[in-house]
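Structural characterization, general
These are the residues of each chain, in order.
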Amino acid sequence: MLAYGRQSIAQDDIDEVVRVLRGDFLTTGPEVPKFEEAFCAYTGAPHALACANGTAALHMIAMAMDLKPGDQVIVPSISFVATANGPHYCGAEVIFADVDAETGLMTPHALKEAMARADKSRLRAVFVVHLNGSRVDLEAIAKLTKEAGVALVEDACHALGSTYPVGNGTGNVGDCALSDFCAFSFHPVKTITSGEGGMVTCRDPEMAARLALLRNHGLERDKDLFTDPEIGFEVGTGEHNPWAYELQMLGYNYRLTDFQAALGRSQLAKMSRFGPQRKALVAAYRRKLAPLAHLVTPALNTDNEDAVLHLMVGRIDFAARGKTRRQVMAQLRELGVGTQVHYIPIHRQPYYAKLNPGLNLPGAEAYYAGCLSLPLYPDMTEADVDTVVRALATVLGD
Ligand SMILES: *Cc1c(COP(=O)(O)O)cnc(C)c1O
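Overview of the structure. Because the structure is a prediction, the values reported are computed rather than measured.

Let us now look at the packing of aromatic side chains. Under the criterion given, the structure shown has nine aromatic pairs. Ring geometry for phenylalanine 226 versus phenylalanine 233: centroids 6.2 Å apart, planes at 65°, classification edge-to-face. Using a relative accessible area of 23% as the deciding quantity, one classes phenylalanine 233 as partly exposed. Look at tyrosine 252 and tyrosine 254: their rings are 5.2 Å apart centre to centre, the planes differ by 10°, and that puts the pair in the stacked class. According to the relative accessible area criterion, tyrosine 254 is buried, its value standing at 16%. Connected via pairs of aromatic rings, a cluster forms that spans Phe35, Phe39, Phe184 and Phe186. The positively charged end of arginine 325 is found above the aromatic ring belonging to tyrosine 368, 4.7 Å away from the centroid.

Okay, here's the thing in structure tokens:
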């Protein structure tokens, strides 16, 4: 059975994890900063903070920005629920933006429409999602957020390895050249994995310091920043108490363990292989699906040929094929092809629907109605792509 996505773990990944398990530090050891340094080198970001998962990354970003009840943020409706939950954990109201019906991406036009629904004085941030690994038009969107004086956050959980145009050059997703923060996930279906795991990248050193505190309960250990001398220093001598820490703001335990960081770094080193493998598989899909364009078309941002896709999404007019999506998925499964649906529009989820009565986002509805995620992961072969395409022709053909 071909899964829609899965991890690629080799002996050298296992050896790295075992090496750390045999060492002194299972957590708060040297592997986490080593992973962060490698992540900075790979993306070009000045700062990277590893954390427990991608959802924690989004929540830490929201806390670092000091989002609070009364604030508003804009989030596209087509994404995993965590993109909305991260800022909402801090009490921020989520304004859902529509997306392009073909690509599922929030366009600058859709952002403008959402901004018109927001309260200018309360809007604090825009969260964009590089859905499936295809990037949004970051330059145009950054211009809009700058004009509005609000922060720009990239949910890059799908987009490790993808690039985007900036000026006359090219930026790496994660370098934060046009945004304030980027969030990544290392869940096993993502482009690289650490089991569970996440990363925040940013440019501002003060924000990086805040993020480091927020993922560790908020505990300040720098004696120069202590505010209560009775905790930090010996009465009489004024000598520093080596055990001292101060809770100055409320954080969480969102740490990544050292053995996860070792796995993450081992996986990151393979991006030079995973990236081209994913690109080659997507190219094979596009070639082999071309004759089936009347049945299924890839959901791609076609001015983004350099993308490292996380998901290979086909767009299918199920009604025109005379089958429901559930029937198509079941029949594909019988032919050995696993598929999935990414995503149910977040504004339609009961929790958010209650907060947004009557909200209608036709692009999100149309994208959701036609999307089907096809198998894509580095260990697949071109023969596997043939299997998927043949199965699609059989199940959708008339
Ligand atoms: C996976 C994912 C997340 C959450 O990451 P976890 O590591 O599962 O918490 C957030 N946003 C998007 C777009 C994702 O795909």
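In this section: the pattern of salt bridges. Counted by the stated rule, this structure contains 19 salt bridges. Put simply, lysine 270 and aspartate 13 hold a salt bridge, and the shortest N to O gap is 2.7 Å. One end of the pair, lysine 270, is in the loop between helix H9 (258–268) and helix H10 (271–289); the other, aspartate 13, is in helix H1 (residues 11–21), and 257 residues separate them in sequence. Close ionic contact of arginine 117 with glutamate 113 constitutes a salt bridge, the shortest N to O distance being 3.0 Å. With a gap of four residues between them, arginine 117 and glutamate 113 both fall in helix H5 (residues 108–117), about one helical turn apart. In this structure arginine 117 comes out as partly exposed when scored by relative accessible area, which is 33%.

Bringing the side chain of aspartate 71 into the picture now. Residue placement: aspartate 71 occurs in the loop between helix H3 (54–64) and strand S2 (72–76). For aspartate 71, a relative accessible area of 9% translates into the label buried. Of the polar contacts made by the side chain of aspartate 71, one reaches the backbone nitrogen of lysine 68; its length is 2.8 Å.

Conventions and cut-offs
- Residues numbered from 1 in each chain as written.
- Predicted model: local features only at pLDDT ≥ 70, side-chain atom pairs only at ≥ 80, totals over all residues.
- Heavy atoms only, no water.
- Phe/Tyr/Trp six-rings, centres within 6.5 Å; stacked < 30°, edge-to-face > 60°.
- Buried < 20%, exposed > 50% of the residue type's maximum accessible area, 1.4 Å probe, protein only.
- Lys NZ or Arg CZ within 6 Å of the ring centre and 35° of its normal.
- Salt bridge = Lys/Arg side-chain N within 4 Å of Asp/Glu carboxyl O.
- Helix = DSSP H or I, 4+ residues; strand = E, 2+ residues; numbered from the N terminus.
- Polar contact = N/O pair within 3.5 Å; in protein donor to acceptor, adjacent residues only side chain to side chain.

By themselves, these observations are geometric and do not establish any function.
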